[in-house]
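So the chains spell out like this:
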Amino acid sequence: MVMDRQINTLQRVSETRAKLIDAARDILRRNDRGGYTVPTDALYPFQWNWDSAFCAMGFATFDIDRALTELEFLYSGQWASGLVPHIIFHRDADTYFPGPQVWGTHQTPPTSGISQPPVTASALAYILDMASTGPASLDPESDVMRRARALYEKILAYHHWWARERDPDGTGIVAILHPWESGSDNSPVWDEALGQVPATQTPFQRRDVTLVDSDMRPRQWEYDRYIYLVELYRALGWQGDRMWSETPFKVADVGLNAILMRDELDLIALADRFDDPANAQVLRARAARRRQGFDKLWSLERGLYLSRDLLRDRLVDVPSHASFLPLWAGTEPFDRAAALASELARWINLSRFGVPTIAPDTAEFDQRRYWRGPVWGIINWMISEGLRRHGFIKLADEIKGHTAALIQDSGFSEYFDPITGEGLGGGDFSWTAAVGLAWALD
Ligand code: GLC
């Protein structure tokens, strides 16, 4: 009897899981616009840089060819300088602002002029892992390896762009020149630095707040400054050196630096795999500098990583989810990793579902507003896997369990309320589906 009941429960669990996996695949297929995936219908009708890298990993769990195509479409928007823009406007759509005319980058296909956290080397490494049963089993002459090799060259150029244009003095940490480049647009981490940026004088019409409740989205004062920065860089002809010297917003985002570090380590592994020792050596030297660069982001007072405002040369004393992302880079010494894990455990105890993007016991915490409190699947994935790498298995499993529960109870939402678990923002969201497939529901 007891045995029967146990078997029934197990069956129910695996049926639920199978249904969720079908639903996740279905979302990726429905958001496929013929080779690239939109993050969700209407709200984000183009190809976004880091969203696509996660989508590629989701696809890789059931369709290697389609996973590679996702990255190839993304890299079709790469600039001659190596920049991979944060948006590629493959087709027209009038449900998003700012569109290609506002960016005025004169690229084909049209693109934005700033970037986003680089995850494509990690995505390519993941695809190759999924494509092979063991490291030696992929024939170098195969279609998969040929395409992967071509992508590798482009990813290399993208990483050189980050080093050249966003760390011209070779300090080991790169800067973002727009909050959108962090991927966590309206995080309170930017409040002070963004407050120094003038508001645009050009009237404009946001589309996001006609599609999603405005209490879940960035506020108008932020948008006025986001657009000011776009207009400034457009006036500078999107020339990296001029943007670097004339920008009023220059922050070394700890999240982006950690993700870049991890991507660069995955790129080194790819360089070894593709037998490219000269580039592997350059990348290794750079990774060593980056590792040291992280010391500039460590706050002794907090025992945590923080972002650094480079124009005011000081740490931004606002911890956020990004403070824990160095775990994802995989390079933390034990004492720092332990300090991060213990603060993270405290944040999770303050909410029902982890990881909140801002500590729930601070004035900035806003449980529904975008990057000022809610939980994001991709962030959970990176933090949890980072914990696992450093040996904090129980906490890693807890975060994974929370992510699976959120998806099961509230669907594949863009993000989630950490207190109630409610799904927020856009629905049927591609990267949440990808997180389910490649990690949370496995
Ligand atoms: C928002 C997010 C950004 C994401 C984009 C598309 O702008 O802040 O990280 O890439 O939406 O999902």
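Look up: the structure comes first, before these words.
The rules we used
Along each chain, numbering runs from 1 in the same order as the chain's sequence is written. Given that this is a predicted model, residues contribute local features only at a pLDDT of at least 70 and side-chain atom pairs are listed and counted only at 80 or more, while totals for whole chains, interfaces and linings are drawn from all residues. Derived side-chain values reflect all non-hydrogen atoms in the structure, with water molecules and hydrogen atoms excluded from consideration. The helix and strand labels rest on DSSP assignments: H or I over at least four residues marks a helix, E over at least two residues marks a strand, and numbering proceeds from the N terminus. Given the number of residues in a helix, its expected span is that number minus one, multiplied by 1.5 Å. Burial status follows relative accessibility: with a 1.4 Å probe on protein chains alone, a residue under 20% of its type maximum counts as buried, one over 50% as exposed, and anything between as partly exposed. Any residue with at least one heavy atom within 4 Å of a molecule or strand is counted as near it. Contacts described as polar in this section are N or O atom pairs within 3.5 Å, which, within protein, must combine one atom able to donate a hydrogen with one able to accept it, while residues neighboring in sequence count only if both atoms come from side chains. Per-residue accessibility takes into account occlusion by the displayed protein chains alone, with areas from the Shrake-Rupley method and a 1.4 Å probe. Residue classes follow a fixed rule: Ala, Val, Leu, Ile, Met, Phe, Trp, Tyr, Cys and Pro count as nonpolar, while Asp, Glu, Lys and Arg count as charged, and any other residue, Gly among them, counts as polar. Domain borders in the structure are assigned automatically or taken from a domain database. For two strands to count as paired, DSSP must find a minimum of two bridges between them. In this analysis an axis means a line fitted to C-alpha atoms, helices contributing only their contacting stretch, and an angle means the value between N-to-C directions, from 0 to 180 degrees. The labels follow the angle: roughly parallel below 35 degrees, roughly antiparallel above 145, roughly perpendicular from 65 to 115, and oblique for the rest. What makes a crossing left-handed is the near helix being turned counterclockwise from the far one by less than a right angle; a clockwise turn instead makes it right-handed. Only heavy atoms matter for contacts: two residues are in contact if any of them lie within 4.5 Å across the pair. We define the nonpolar core as a collection of buried residues of types Ala, Val, Leu, Ile, Met, Phe, Trp, Tyr and Cys that are connected through side-chain atoms lying within 4.5 Å of one another. Stacked, tilted and edge-to-face are the three classes assigned to paired rings of Phe, Tyr and Trp, where Trp is represented by its six-membered ring and a pair needs centres within 6.5 Å; plane angles under 30 degrees give stacked, over 60 edge-to-face, the rest tilted. For this document, the term salt bridge refers to a Lys or Arg side-chain nitrogen within 4 Å of an Asp or Glu carboxyl oxygen.

A.B. asks: Explain helix 2 (residues 49-60) here, please?
C.D. replies: Since there are 3.6 residues in each turn of an α-helix, residues three or four apart along the chain are aligned in direction. With 12 residues, helix 2 extends 17 Å from end C-alpha to end C-alpha; this agrees with the ideal 16 Å at 1.5 Å per step. Burial analysis of helix 2 places 12 of its 12 residues in the buried class, the great majority of the element.

A.B. asks: Looking at this model, I keep getting lost on the site of the ligand. Mind explaining?
C.D. replies: Around the ligand, the neighbouring residues are P39, Y44, W48, W50, D51, Q116, G183, D185, Y370, W371, F429 and W431. Here D51 contributes a side-chain N or O atom positioned 2.6 Å from an oxygen atom of the ligand. Within the side chain of Q116, one N or O atom sits 2.9 Å away from an oxygen atom of the ligand. Burial of the ligand by the protein chains amounts to 96% of its free accessible area of 310 Å². Looking at the shell around the ligand, its residues break down into eight nonpolar, two polar and two charged. Residue contributions to the shell around the ligand reach at least three from each of two domains, namely domain 1 (44-312) and domain 2 (332-442).

A.B. asks: Would you take a moment to explain the environment of R206 for this structure?
C.D. replies: Among the secondary structure elements, R206 is positioned in the loop between helix 7 (191-195) and helix 8 (208-211). It is 5.8 Å that separates the C-alpha atoms of R206 and F97, two residues lying 109 residues apart in sequence. A distance of 2.9 Å separates a polar atom in the side chain of R206 from the backbone oxygen of P218.

A.B. asks: How should the sheet that holds strand 3 (residues 251-252) be read in this particular structure?
C.D. replies: Pairing between the strands of a sheet comes from backbone hydrogen bonds, and it takes one of two forms, parallel or antiparallel. Ordered in space as 3-6-7, the three strands form an open sheet in which the pairing is antiparallel. Every interior strand has two partners, whereas the edge strands, strand 3 and strand 7 (314-315), have only one. As defined by bridge partners, strand 3 adjoins strand 6 (residues 308-309) across two bridges and the pair is classed as antiparallel. Looking across to strand 6, one finds that A252 is bridged to R308.

A.B. asks: I would appreciate a short explanation of the packing of helix 2 against helix 15 (residues 377-389) in the present structure.
C.D. replies: For any two helices packed against each other, one specifies the inter-axial angle together with the distance between the axes. In contact at an axis separation of 12 Å, helix 2 and helix 15 are set at 70 degrees when each is read in the N-to-C sense. Of the possible angle classes, the one that applies to helix 2 and helix 15 is roughly perpendicular. The way helix 2 lies across helix 15 gives a crossing that is left-handed. The segment helix 2 lies against helix 15, with W50, F54 and M57 engaging I378, I379, W381 and M382. Each residue belonging to the contact of helix 2 with helix 15 can be placed in one class, and the counts come to seven nonpolar, no polar and no charged.

A.B. asks: Whenever I open this one, the nonpolar core confuses me. Can you help?
C.D. replies: A general tendency of soluble globular proteins is for nonpolar side chains to be buried together. In terms of nonpolar packing, the biggest core is built from 141 residues, with W50, F54, L124, F249, L344, I383 and L387 touching the most fellow members. Inspection of this core shows a minimum of three residues originating in each of domain 1 (44-312) and domain 2 (332-442). Residues contacting L124, with those up to four places away along its chain left out, are L68, L71, A148, L151, Y152, I155 and L270.

A.B. asks: Would you mind showing me how to read the side chain of R286 here?
C.D. replies: Relative to the assigned elements, R286 resides in helix 12 (residues 277-293). A relative accessible area of 8% places R286 in the buried class. The contacts of R286, once residues within four sequence positions are left out, are H159, H160, A163 and E264.

A.B. asks: Looking at this structure, I do not really get unusual backbone geometry. What am I missing?
C.D. replies: A negative phi angle characterises most non-glycine residues, just as the trans form characterises most peptide bonds. Of note, the bond from F97 into P98 is cis; its omega dihedral lies within 30 degrees of zero at 5 degrees. Look at the link from T108 to P109: it is a cis peptide, with omega at -10 degrees. With respect to the element layout, P109 can be found in the loop between helix 4 (100-103) and helix 5 (120-131). In the Ramachandran plot, A42 falls in the positive-phi region, its phi being about 70 degrees despite a non-glycine side chain. By the secondary structure assignment, A42 is in the loop between helix 1 (2-30) and strand 1 (47-48). Residue classification places A42 among the partly exposed residues on the basis of a relative accessible area of 24%.

A.B. asks: Help me understand the packing of aromatic side chains in this model?
C.D. replies: Any two aromatic rings considered together are summarised by their centre-to-centre distance and by the angle between their planes. Here the structure, examined in full by the defined rule, presents 39 aromatic pairs. Their ring planes at 70 degrees and their centres at 6.2 Å tell us that W190 and F249 sit as a pair that is edge-to-face. Here W190 is found in the loop between helix 6 (143-166) and helix 7, whereas its partner F249 is found in the loop between helix 10 (240-246) and strand 3, with 59 residues between them in sequence. Like W190, the residue F249 is buried in the burial classification. Each ring, one from Y370 and one from Y415, has its centre 5.3 Å from the other, and the planes form 70 degrees; the classification is edge-to-face.

A.B. asks: Looking at this structure, how should I read the pattern of salt bridges?
C.D. replies: By the definition in use, this model includes 35 salt bridges. When the shortest N-O distance is used, the salt bridge between E264 and R290 registers 3.0 Å. Of the two residues, E264 sits in helix 11 (residues 254-273) while R290 sits in helix 12, which places them 26 residues apart along the sequence. For the pair E264 and R290, one class covers both residues: buried. Between R284 and D272 there is a salt bridge; the shortest N-O distance is 2.7 Å. Of this pair, R284 sits in helix 12 while D272 is found in helix 11, placing the two residues 12 residues apart along the sequence. What emerges from the salt-bridge pattern is a single network uniting D65, E72, D143, R146 and R147.

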